[in-house]
Amino acid sequence: MADRVTVIGWDGSPPTEAARAALGAATLVAGAAHHLALPEIPPAAERVRLGSVALAARRIAAHRGTAVVLADGDPGFFGVVRTLRAPEFGLEVEVVPAVSPVAAAFARAGMPWDDAQVVVAHRRTLRRAVNVCRAHTKVAVLTSPGAGPAELGLLMEGVHRTFVICEELGTEHEQVTVVTSDKAADHTWRDPNVVIVVGGRAAVAEDGGWIAGRDPGTGPRGWVQPDEAYAEPDGLGEGETQLLRAAQLARLGPRVGDLVWDIGCGGGALATEAARAGAAVIAVDRLPEACARTEAAARRFGVQLQVVHGTAPHVLENLPEPDVVRVGGGGAAVVSAVADRRPQRIVTHAATRDEAELVGRGLTEHGYQVECALLQSVELDTRAWRETERNVAFLLSGVLVDRAP
């Protein structure tokens, strides 16, 4: 095992005294090509091109001597330190940090970033990173080849955002460019780069906030809000009552990085509450007034969502792939069309047992594991303990077992 392992962050500035001392004593240095070209590396040191961090960690663990690992930015922030400290390698590391690319990007943009979400976009995580950009007003994206500004822009179709693209930070080729999301695919961008994605209505904390990222205390407490909170003069629809929404949200489980479809969004209550959970939401309805009510609800609660006017199932064809879907209207035909897209979970309701059986059979035929419950809620006037309202509905949910986390 290496006698000593030092991880040095590099941000383009001259190495610190501690970094110079570690490099001067190194018998093995691992890093990217531009790191290994630094003049401070001893000529006799073994040089390891850093591709797979796990493979480099094995080389370091087998080395007899003093090892240094060079990494861009802060190596403890989405960096190599996590892998090097994995139990299977048995390495104890010292870290000499530098400014992270995220901090540098926001500094170049002259923006605070304690309220930003930070995500890493690889080919396998790109869709989830895009969903975070859809759902939040300020996001920093650490990109990678094949999951860069152009790909982000293409997948953001239908949602307007501004991209601040910071290329090759800390080098003589550093460049900062501001474009709208729909224009990002018109350019070729150099790696590495960081994309700051901003847009939408941001809630501003008067005291500067108390927690990094999105403040979980913004807005009223509770997964679901009383029906009256949506200020509908004629009340919400039969599929939008507070207790039914609570059950639907519990079955859906929307979370950060997910894309939720709410089909037949009505007054926008469930769409808004899914967005409050941090998920990206596309709300669909055939009625213009329902779309307007949903947009108003989103504004009232300070959340981001996309509203699409159109009739399902045809309007669904060009929408991005969902993770979970709530079908509030359209019946078995729409549920079947949704199931063809293979989301992890589908939730809907039915007014009669016959309708519930039809929907349940359709989900089963599509390979979903189906659950159904008859929900009955009775509102009581607690002054006289008399019944004031009764709602009955069949709650159906389908889980695609091979995709369920």
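Presented here is a report on the structure given in the accompanying data block. All values reported here derive from a predicted model rather than from experimental measurement. (Residues numbered from 1 in each chain as written. Predicted model: local features only at pLDDT ≥ 70, side-chain atom pairs only at ≥ 80, totals over all residues. Heavy atoms only, no water.)

Side note on the side chain of Glu167
Inclusion rule: Counting from the N terminus, the helices are the DSSP runs of H or I reaching at least four residues and the strands are the DSSP runs of E reaching at least two. Only protein chains enter the accessibility calculation, which uses a 1.4 Å probe; a residue is then buried when its area is under 20% of its type maximum, exposed when over 50%, and partly exposed in between. Under the counting rule used here, the positive set is Lys and Arg, the negative set is Asp and Glu, and His together with the chain ends is not counted. Salt bridge, as used here, is a side-chain nitrogen of Lys or Arg placed within 4 Å of a carboxyl oxygen of Asp or Glu.
Among the structural elements, Glu167 can be located in strand 8 (residues 162-167). Lacking a salt bridge, the buried Glu167 has Arg190 as its closest oppositely charged neighbour, with an N-O distance of 4.1 Å.

As for a nonpolar patch on the surface
This is how the line gets drawn: Here, patches come from residues exposed beyond 30% relative accessible area and free of salt bridges, joined within 9 Å for like charges and within 5 Å for nonpolar side chains (Val, Leu, Ile, Met, Phe, Trp, Tyr). Here the accessible surface of atoms and residues is derived via Shrake-Rupley with a 1.4 Å probe, and residues count as covered only by protein chains that are part of the display.
The grouping of Phe77, Phe78 and Trp113 at the surface amounts to a nonpolar patch, some 290 Å² of accessible area in total. Following the sequence through the fold, Trp113 ends up in the loop between helix 5 (101-109) and strand 6 (117-120). Taking the relative accessible area as the measure of exposure, Trp113 reaches 33% and is therefore partly exposed.

Observations regarding the pattern of salt bridges
Applying the stated criterion across every chain yields a total of 17 salt bridges. Across the pair Asp227 and Arg245 runs a salt bridge, and its minimum N-O distance is 3.1 Å. With Asp227 in the loop between strand 10 (193-198) and helix 8 (242-252) and Arg245 in helix 8, this residue pair connects regions lying 18 residues apart in the sequence. With a closest N to O distance of 3.1 Å, Arg353 and Glu357 form a salt bridge. Of the two residues, Arg353 and Glu357 both sit in helix 12 (residues 353-365), four residues apart, roughly one turn of that helix. A relative accessible area of 35% means that Glu357 is categorised as partly exposed. Several salt bridges converge on common partners, so that one network encompasses Arg128, Arg255 and Asp258.

Here's the deal with the sheet that holds strand 13 (residues 306-309)
Our working definition: DSSP bridges decide pairing: two strands pair if at least two such bridges lie between them. Each axis is a line fitted through C-alpha atoms, taken for helices only over the stretch in contact, and angles between the N-to-C directions span 0 to 180 degrees. Whether two residues are in contact is decided by their heavy atoms: any pair within 4.5 Å suffices.
The seven strands are arranged 13-12-11-14-15-17-16 in an open sheet whose pairing can be described as mixed. Pairing within the sheet leaves two strands with one partner each, and these edge strands are strand 13 and strand 16 (369-381). Taking each pair of neighbouring strands and ignoring which way they run, the sheet shows an average axis angle of 20°. Relative to strand 12 (residues 280-285), strand 11 (residues 259-263) is paired through five bridges, and the arrangement is parallel. Bridging from a neighbouring strand, Trp261 pairs with Ile282 of strand 12. Strands strand 12 and strand 13 of the sheet are contacted by helix 10 (residues 288-301), whose axis makes an angle of about 175° with strand 13.

Looking at the pairing of strand 4 (residues 66-72)
With respect to burial, strand 4 is a largely interior element, six of its seven residues being buried. In terms of strand pairing, strand 1 (residues 4-10) meets strand 4 through seven bridges, oriented parallel. Bridge pairing in strand 4 links Val5 to Ala67. Inspection of the sheet shows strand 2 (residues 28-31) paired to strand 4 by three bridges, in the parallel sense. Bridge pairing in strand 4 links Val29 to Val68.

Quick notes on the layout of surface pockets
One way to see where empty space is left: roll a probe the size of a water molecule over the atoms. Rules: Buriedness for pockets is judged along seven lines, at least five of which must meet protein on both sides within 12 Å for an open set on the 1 Å grid over protein atoms alone, while cavities are sets there where a 1.4 Å probe fits but cannot get out, and lining residues have an atom within 4 Å of a point. Grid points are joined across faces, edges and corners, and a volume is the space filled by probe spheres set on the points. Any residue outside Ala, Val, Leu, Ile, Met, Phe, Trp, Tyr, Cys, Pro, Asp, Glu, Lys and Arg is labelled polar, Gly included; the first ten of those are nonpolar and the last four are charged.
Looking at the largest pocket, its volume works out to about 1500 Å³. Lining the largest pocket are 47 residues; nearest its centre among them are Asp72, Phe78, Pro101, Thr143 and Pro192. Put simply, the parts of the chain that give the lining of the largest pocket at least two residues each are helix 2 (33-36), strand 4, helix 4 (81-84), helix 5 and strand 10. With four residues, the top contributor of residues to the lining of the largest pocket is helix 5. Residue classes in the lining of the largest pocket are distributed as 23 nonpolar, 15 polar and nine charged.

Some points on the sheet that holds strand 8
Strand order in the open sheet formed by five strands is 6-7-10-8-9, and the pairing between neighbours is mixed. A single partner strand is all that each edge strand has here, and the edge strands are strand 6 and strand 9 (175-180). When strand polarity is set aside, the average angle formed by the axes of neighbouring strands in this sheet is 20°. Note: strand 8 against strand 10, six bridges, orientation antiparallel. If you follow Phe163 over to strand 10, its bridge partner there is Val197. Against the sheet, helix 6 (residues 126-135) engages strand 6, strand 7 (138-142) and strand 10, with an angle of about 160° to strand 6.

Some points on helix 5
Each α-helix turn comprises 3.6 residues. Residues three or four places apart therefore point the same way. Those residues of helix 5 that sit buried are Val102, Ala104, Ala105 and Phe106. In this structure, the buried residues of helix 5 make contact with strand 6, strand 7, strand 8 and strand 10.

Focus: the nonpolar core
Where we set the bar: Only buried residues count toward a nonpolar core, which is a set of Ala, Val, Leu, Ile, Met, Phe, Trp, Tyr and Cys residues joined through side-chain atoms within 4.5 Å.
Of all hydrophobic cores here, the largest spans 26 residues; its most connected members are Trp261, Ile263, Leu316, Val327, Val338 and Ile346. Listing elements by their share of this core, those giving two or more residues are strand 11, strand 12, strand 14 (324-327), helix 11 (331-339), strand 15 (345-350), helix 12 and strand 17 (386-399). Examining the composition of this core, we find that four residues originate from one element, helix 11, more than from any other. If near-sequence neighbours (up to four positions away) are discounted, Ile263 is found in contact with Val284, Ala312, Leu316, Val325, Arg326, Val327, Gly328, Gly329, Val334 and Val338. Counting 21 residues, the second-largest nonpolar core is a separate cluster that includes Ala2, Ala67, Ala71 and Leu91.

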